[in-house]
Amino acid sequence: MGEIRRTGLATSTPRNLTIGFPFAARSATDIDTPLSPVVIGIGATPSLSQPLFNVNIPLLLWRVRGTLSAQLVLGAFVGFNLGYQVQGGTFSFGEAEVLLTDVGAQGGCGFGAGFTLSFGLVLEESRIRFTWASGFRTTWERVFSITPSATIDLIRILLDVVSAAGVRVPLETIDEGRQMAGSGAIWGLFDSVSIPVLGRGSIELRPRLSLSANILSLITPMQAPLKALKNAGGKLFVGPQLNIVFPLTIDLVRLTTEDGSYDIDPDNTRQIFVFKGGPSIPIDAPDVQSLTMTHAHRLGVLFTLEFRASFSMWSIFSLSASIPINLTALFPFELGARGLIGPFYTALSNQPVAAAELPEVIWG
């Protein structure tokens, strides 16, 4: 067996949306000639995260932990990034098994300029436990936690300044465009996923475009309060929202080592990725040194509906919640289709590969 020790593979370290994979490229890709990470954006969108402080305050049998961090968003991008940890092994009978952990991906089409401050506050209570093996031990149990955040959107602030100078700017329409982005100070279509252990299955990003209608504006008694809130810099929304989702599905298809290639077993039912068709190797084979994972991704379009409520103040503080509406109760099929475009093949390797220039991209 050739052991695959825990190895990190990513489009960049740390991951960002400057280097990654395009959704679709004119240059041909197949499982034998996958695309390596390329330039998909400019700037540092997202993210440059920096912890500002992390403190512990003891209060008798309790303690309070507080954190503050800042996340910078600056740049523009079209495409997605990807990263994960791989571990497993190759076997003498031509098979291989791998487990993916710490899986992360971000992607879409958009731009941003600003930063987000995130504050975390946790209250913990001490518990004294006794075991014969270790005696008395003190452990901490979480009682309460809250993680508010504030986004400073420099683009929105600039628009406010331009509007105050007398230039007519449709701020409400523009704000709807930002709500479509759905994430911090990013304008456009964007999604992010984080999966502790993937096992079997696909990695899926769901950037979306949202169209909504505020039913509060149609209620006569609410019009005056909404106007007063707007003059104070706030906005309250309650109503239905139609989402046009562009699901990006990423599947593992091949594992390549210094000994040869192994293709994914599509019939595997175990909670781990199994590859077959590889070379025969000695039982006492050394650890795997060269590791490449090949993926196939497809892009589709789906339509979903939800009921959303949100509140924002000064374009900085915002709260929102939504309830999905099950459209399959009305239609006995999924509205839209997955895998309309693709597959396109990409690869991550622990061998150094220089990022190429971005080829011509077709998206949408």
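Residues numbered from 1 in each chain as written. Predicted model: local features only at pLDDT ≥ 70, side-chain atom pairs only at ≥ 80, totals over all residues. Heavy atoms only, no water.

Draft legend 1. Fine view of the overall build of the chain. Scanning the chain from terminus to terminus reveals three helices and 19 strands. Expressed as a percentage of its 364 residues, the buried residues of the chain come to 40%. Expressed as a percentage of contacts within the chain between residues at least 6 apart in sequence, the contacts between residues at least 24 apart total 74%. Accessible surface, the chain: about 19,600 Å² in total, of which carbon and sulfur atoms supply 62%. (Helix = DSSP H or I, 4+ residues; strand = E, 2+ residues; numbered from the N terminus. Buried < 20%, exposed > 50% of the residue type's maximum accessible area, 1.4 Å probe, protein only. Contact = heavy atoms within 4.5 Å. Areas by Shrake-Rupley, 256 points an atom, 1.4 Å probe, with all protein chains shown as cover.)

Draft legend 2. Structural view of the pattern of salt bridges. According to the stated counting rule, one finds 12 salt bridges in the structure shown. The salt bridge partner of Arg5 is Asp287, with a shortest N-O separation of 2.7 Å. Note that Arg5 is positioned in strand S1 (residues 2-10) and Asp287 in the loop between strand S16 (273-276) and strand S17 (291-313), a separation of 282 residues in sequence. Here Glu97 ties to Arg270 by a salt bridge, and the two come within 2.6 Å at their closest N and O atoms. Taken together, the positions of Glu97 in strand S7 (residues 96-131) and Arg270 in the loop between strand S15 (260-264) and S16 put the pair 173 residues apart, joining distant regions of the chain. According to the relative accessible area criterion, Arg270 is partly exposed, its value standing at 45%. Each member of the salt-bridge network shares a partner with another, and the members are Glu3, Arg5 and Asp287. (Salt bridge = Lys/Arg side-chain N within 4 Å of Asp/Glu carboxyl O.)

Draft legend 3. The side chain of Thr101, seen in detail. Within the secondary structure, Thr101 is located in strand S7. A distance of 3.0 Å separates a polar atom in the side chain of Thr101 from a polar atom in the side chain of Arg6. (Polar contact = N/O pair within 3.5 Å; in protein donor to acceptor, adjacent residues only side chain to side chain.)

Draft legend 4. Looking closely at unusual backbone geometry. Residues Thr13 and Pro14 are joined by a peptide bond in cis, for which omega reads -5°. Take Pro14: it is sitting in the loop between S1 and strand S2 (19-20). A cis amide bond, omega 10°, links Gly342 with the succeeding residue Pro343. Structurally, Pro343 can be placed in strand S19 (residues 336-349). The backbone of Asp102 sits at a positive phi, close to 50°, despite the residue not being glycine. Mapped onto the elements of the fold, Asp102 is located in strand S7. When its relative accessible area of 46% is taken as the criterion, Asp102 is described as partly exposed.

Draft legend 5. Region of the structure containing the nonpolar core. Core analysis: the largest hydrophobic core is formed by 35 residues, its most contacted members being Tyr84, Val86, Val98, Leu100, Leu255, Phe275 and Met293. For this core, the secondary-structure elements that each account for two or more residues are S1, strand S6 (62-90), S7, strand S10 (186-197), strand S11 (203-205), strand S14 (248-257), S16 and S17. Grouped together as the second largest cluster of nonpolar side chains are eight residues, Leu35, Ile40, Ile186 and Phe190 included. (Core = buried A, V, L, I, M, F, W, Y, C linked by side-chain atoms within 4.5 Å.)

Draft legend 6. Representation of a nonpolar patch on the surface within the structure. On the surface, Leu72, Leu74, Phe115, Leu117, Leu154, Ile157 and Val161 cluster together into a nonpolar patch covering about 550 Å² of accessible area. Sorting the residues of the nonpolar patch by element identifies S6, S7 and helix H1 (154-164) as the ones contributing at least two each. With three residues, H1 is the single largest residue contributor to the nonpolar patch. Within the secondary structure, Val161 sits in helix H1. Take Val161: its relative accessible area is 51%, and that puts it in the exposed class. (Patch = residues over 30% accessible without salt bridge, like charges linked within 9 Å, V, L, I, M, F, W, Y side chains within 5 Å.)

Draft legend 7. Main features of the packing of aromatic side chains. Summed over all chains, the structure comprises four aromatic pairs. Relative to Phe190, the ring of Phe77 has its centre 5.9 Å away and its plane inclined at 75°; by these criteria the two rings are edge-to-face. Taken as a pair, Phe77 in strand S6 and Phe190 in strand S10 lie far apart in primary sequence, 113 residues in all. With relative accessibility at 9%, the residue Phe190 sits in the buried group. (Phe/Tyr/Trp six-rings, centres within 6.5 Å; stacked < 30°, edge-to-face > 60°.)

Draft legend 8. Region of the structure containing the confidence of the model for the chain. Summing up the model confidence of the chain, the mean pLDDT is 83 and the portion of residues at 70 or higher is 85%. Across the chain, S14 holds the top mean pLDDT of 96, while helix H2 (residues 171-181) sits lowest at 58. (pLDDT = per-residue confidence, 0-100.)

Draft legend 9. Molecular detail of the environment of Pro282. Tracing the sequence through the fold places Pro282 in the loop between S16 and S17. Measuring from C-alpha to C-alpha, the distance between Pro282 and Phe93 comes to 9.1 Å, with 189 residues separating the pair along the chain. Filtering out sequence-adjacent residues up to four positions away, Pro282 remains in contact with Met1 and Ser92.

Draft legend 10. Representation of helix H3 (residues 220-231). With 12 residues, H3 ought to run about 16 Å at 1.5 Å a step, and its terminal C-alpha atoms sit 18 Å apart, in line with that. Looking at the residues trailing H3, positive phi occurs at Gly233, about 100°. (Expected span 1.5 Å × (residues − 1).)

Draft legend 11. Structural detail: the environment of Val73. Tracing the chain through its elements places Val73 in strand S6. For Val73, a relative accessible area of 5% puts it in the buried group.

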